[in-house]
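# Geometric and topological summary
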Amino acid sequence: MRKYLPEVLGHARTVTALVVAMLPFGAAAEFKADVPGATETLPAVYPDHWVMASDLSSLSTMLEGRVIVVDPLAPDTGGQFKGMMTASFIAAFQTSAARGEHYVIESFHSRGGRGGTRQDFVSVYDPSTLTVKDEIEIPSGRITGMPKTLSTAMIGDDRFIGVYNFTPSQTVSIVDLEAKTFVGEVPIAGCSFLLPSGDYSFSSICSDGSFLTTTLDDSGAATSTQRSPVVFDANDDPVFEGPGITDDAAYFLTFSGQILPVDTSGEIPDFGEKYWLSDESERNWLPGGANPIATDADGMGYVLMNPEGGEGTHKDGGAQVWVVDLAKGNVQSKIDLQTWGVSLGTSGKGDSRLLYVTNAELGIDVYRIPQGEFVHTLNIGAGLVVLYTGAQ
């Protein structure tokens, strides 16, 4: 029986307790005893099919989440789990291949579960050792919730990282990753999240259906802002906050199943015309889920679709993934899922591309794409959402 996303998250704590019991009899043979004092390292550059995934159980335990490095093609649990980074209080995550660093954007409270003084940090991790290299304190106020593609962004050839704050005032914290210092906060009142464009710009989704673009100088300070025309109907057909992103474009998915293409190659984004994924006979198929759209290294799009779509089903997930040529605006094929899906991710290149579907049982189903061949299910955590690939 399928479970919708709100119900799935409500059971995350129970699944955490059960995950070991659900392993096949004899699975303990996969693990070897630790050798005292021995340490292992990961490659400085991960294979492009590896992924970094956020453990959804952190939405239940709150204070101590984790980001797991995963080899999805390893045959057993021990080989799939490569290592992890702690991620406190529903942390966000970014990575930079150019800088050779991972970034966990997290919060700590002086009295733990009892609250106290809050401090927010960008914790800088070494990809090989998964140890903290540095901590950069930022203002307390970053948004906490389901992992979102645009809650953080790399800006200026990875010179800066931006972090979206919601307190409920809306700002973006800018951090200089070379100097390892907090630069300042940029106000984006009435707008949310940040989509990087050009060299030193980012755009935020506004409540009236427009986008606000902010341009930074080479010190990270805001120099100008520009508001776009209204490009989507925020009341009758809003967009999902997390688009599918390619090197020079973003593809926003609307609740009704349309795609809004955005050219992000210039400092100011260029908005294209929306197009439908479905024809008129298929308008009951609607997108939904925590992350309902993903793109692969070849620029193809993957959209999680629900055959029983309707008002309020935008978080429910779906039974199929539609494979979309985003540049041409047409559906190439449809993948019937093994189990109901609630979130999508991809990794790999060329003939080695993989699709990840976080399923209703809080495992990750792995498929080869674009053909849709099912590989296996990963059960290395109490529900994972794929964040980034090893090729980032």
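Shown above is the structure to which this text applies.
The structure contained in this document is the topic of the report that follows. From a predicted model like this one, the values you see are computed outputs, not experimental measurements.

### Notes on the pattern of salt bridges
Overall, the coordinates contain 11 salt bridges when judged by the stated rule. The partner of glutamate 101 in a salt bridge is arginine 99, with the nearest N and O atoms 3.8 Å apart. For the salt bridge of glutamate 241 with lysine 148, the shortest nitrogen-to-oxygen distance reads 3.3 Å. Residue glutamate 241 is located in the loop between β15 (222-227) and β16 (244-245), and its partner lysine 148 is located in the loop between β7 (132-138) and β8 (152-155); the two are separated by 93 residues in the primary sequence. Where salt bridges share partners, they join Arg99, Glu101, Lys133 and Lys180 into one cluster.

### Quick notes on the sheet that holds strand β10 (residues 170-176)
Read across the sheet, four strands follow the order β8-β9-β10-β11 without closing on themselves; strand pairing throughout is antiparallel. In this open sheet, the two strands that pair with only one neighbour each are β8 and β11 (181-187). Between one strand and the next, the sheet's axes are offset by a mean angle of 25°, whatever the strand orientation. Two strands pair when backbone bridges link them, and β8 and strand β9 (residues 160-166) are joined in this way by four bridges, in the antiparallel orientation.

### Focus on the pairing of strand β6 (residues 118-125)
Counting buried residues in β6 gives six out of eight residues, a clear majority hidden from the surface. Direction of pairing for strand β5 (residues 101-109) relative to β6: antiparallel, over a ladder of eight bridges. Opposite histidine 102, over in β6, you have tyrosine 125 as the bridge partner. In this sheet, β7 lies alongside β6 in antiparallel orientation, the contact comprising six bridges.

### Things to note about the packing of aromatic side chains
Here the structure, examined in full by the defined rule, presents 11 aromatic pairs. Taking the centre distance of 4.8 Å and the plane angle of 45° together, the rings of tyrosine 164 and phenylalanine 193 count as tilted. Highlighted residues: tyrosine 164 in strand β9 and phenylalanine 193 in strand β12 (residues 191-197), separated in sequence by 29 residues. Residue tyrosine 164 shares its accessibility class with phenylalanine 193, and that shared class is buried. Ring centres 5.4 Å apart and planes at 65° place the aromatic pair tyrosine 367 and phenylalanine 374 in the edge-to-face group. Under the relative-accessibility criterion, phenylalanine 374 is labelled partly exposed at 29%. Here a set of aromatic residues connected by ring pairs shows up, and it is made of Phe211, Phe232, Phe252 and Phe271. A cation over a ring is seen here: arginine 283 above tryptophan 276, with NZ or CZ 3.7 Å from the ring centre.

### Re the environment of glycine 162
Tracing the backbone shows glycine 162 in strand β9. In the structure, glycine 162 is positioned 58 residues away from glycine 220 in sequence and 9.7 Å away in space, judged by C-alpha atoms. Residue contacts for glycine 162: discarding those within four places in its chain leaves Ser151, Thr152, Ala153, Ile155, Val172, Ser173, Ile174 and Leu194.

### Describing the sheet that holds β12
Remark on secondary structure: sheet strands pair via backbone hydrogen bonds, oriented parallel or antiparallel. Here four strands make up an open sheet; going across it, the order is β12-β13-β14-β15 and the pairing antiparallel. For this open sheet the edge positions go to β12 and β15, each flanked by a neighbour on one side alone. Averaged over neighbouring strand pairs, the angle between their axes works out to 25° when direction is ignored. By the bridge criterion, five bridges tie β12 to strand β13 (residues 201-206) in an arrangement that is antiparallel. In the strand pairing of β13, serine 192 is matched with isoleucine 205.

### Some details on the nonpolar core
In this structure, Ile174, Phe202 and Phe252 are the most contacted members of the largest nonpolar core, which totals 27 residues. Counting only elements with at least two residues in this core, the list comes to β8, β9, β10, β12, β13, β14 (211-216), β17 (249-253) and β18 (258-263). Residue contributions to this core peak at four residues, all from β12. Those residues in contact with phenylalanine 252 that sit more than four places away from it in its chain are Leu150, Leu195, Ile205, Phe211, Val239, Phe240, Glu241, Pro243, Gln258, Ile259, Leu260 and Val262.

### Thoughts on the side chain of glutamine 170
For glutamine 170, the position within the fold is in strand β10. In this structure the side chain of glutamine 170 is engaged in a polar contact, spanning 2.7 Å, whose partner is the backbone oxygen of cysteine 191. Apart from residues no more than four positions distant in its own chain, glutamine 170 is found in contact with Tyr164, Asn165, Val186, Pro187, Ile188, Ala189, Gly190, Cys191 and Ser192.

Conventions used here
Residues numbered from 1 in each chain as written. Predicted model: local features only at pLDDT ≥ 70, side-chain atom pairs only at ≥ 80, totals over all residues. Heavy atoms only, no water. Salt bridge = Lys/Arg side-chain N within 4 Å of Asp/Glu carboxyl O. Helix = DSSP H or I, 4+ residues; strand = E, 2+ residues; numbered from the N terminus. Pairing = 2+ DSSP bridges. Axes fitted to C-alpha atoms, helices over the stretch in contact; angles between N-to-C directions. Buried < 20%, exposed > 50% of the residue type's maximum accessible area, 1.4 Å probe, protein only. Phe/Tyr/Trp six-rings, centres within 6.5 Å; stacked < 30°, edge-to-face > 60°. Lys NZ or Arg CZ within 6 Å of the ring centre and 35° of its normal. Contact = heavy atoms within 4.5 Å. Core = buried A, V, L, I, M, F, W, Y, C linked by side-chain atoms within 4.5 Å. Polar contact = N/O pair within 3.5 Å; in protein donor to acceptor, adjacent residues only side chain to side chain.

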